[in-house]
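Results of the structural survey
Here are the chains, one letter per residue:
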Amino acid sequence: MVLAIVLGALSGVLGVLPLFLGLRMTRRVTDTSNLGHAGALMLGVLLSFVILFLGAIACVVLARDIAVPFVLAEAAVLVACAIGYGVYTFVRK
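Residues numbered from 1 in each chain as written. Predicted model: local features only at pLDDT ≥ 70, side-chain atom pairs only at ≥ 80, totals over all residues. Heavy atoms only, no water.

Here we look at the UniProt feature "transmembrane region" (unreviewed entry) in the protein chain
When the UniProt feature table is mapped to this numbering, "transmembrane region" (unreviewed entry) covers residues 39–63 and 70–91. The straight-line gap between the two end C-alpha atoms of residues 70–91 is 31 Å; of that span, 100% is helix and 0% is strand. (UniProt positions renumbered as here; feature names shortened; annotations may be inferred. Helix = DSSP H or I, 4+ residues; strand = E, 2+ residues; numbered from the N terminus.)

Describing the environment of Leu23
Looking at the secondary structure, you find Leu23 in helix H1 (residues 2–28). With a relative accessible area of 28%, Leu23 lands in the partly exposed category. (Buried < 20%, exposed > 50% of the residue type's maximum accessible area, 1.4 Å probe, protein only.)

Quick word on a nonpolar patch on the surface
On the surface, Val2, Leu3, Val6, Leu7 and Leu10 cluster together into a nonpolar patch covering about 480 Å² of accessible area. Position of Val6 among the secondary structure elements: in helix H1. (Patch = residues over 30% accessible without salt bridge, like charges linked within 9 Å, V, L, I, M, F, W, Y side chains within 5 Å. Areas by Shrake-Rupley, 256 points an atom, 1.4 Å probe, with all protein chains shown as cover. Salt bridge = Lys/Arg side-chain N within 4 Å of Asp/Glu carboxyl O.)

Quick look at helix H2 (residues 36–62)
A rise of 1.5 Å per residue sets the reference length of H2, with its 27 residues, at 39 Å; its end C-alpha atoms lie 39 Å apart and thus fit the reference within 8%. Elements that come into contact with the buried residues of H2 comprise H1 and helix H3 (67–92). (Expected span 1.5 Å × (residues − 1). Contact = heavy atoms within 4.5 Å.)

Shown next as structure tokens:
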């Protein structure tokens with residue numbers, strides 16, 4: 001079960017990376033860009049969901065008995081990273 005939690009946490013961290021990449025892309029977007037601010041953020045959200053769902057589906061297919069701790073750890077780490085980033089940017093300003 002510990003292995004499932006650790007792997008879920010790693011998958012959660014990998015799921016947060018596209019969100020951070022989307023935020024970085026919005027800082028570089030010009031006003032005349034076709035992608036736009038919302039497009040960059042939505043692309044990050046889409047890639048994040050794809051990574052999270054692929055990890056969860058792979059866990060269910062490969063080891064169904066550890067799927068619940070894996071998915072819970074994945075979601076908890078995703079939420080914790082997002083909250084941590086929000087607090088960090090709030091305190092930094």
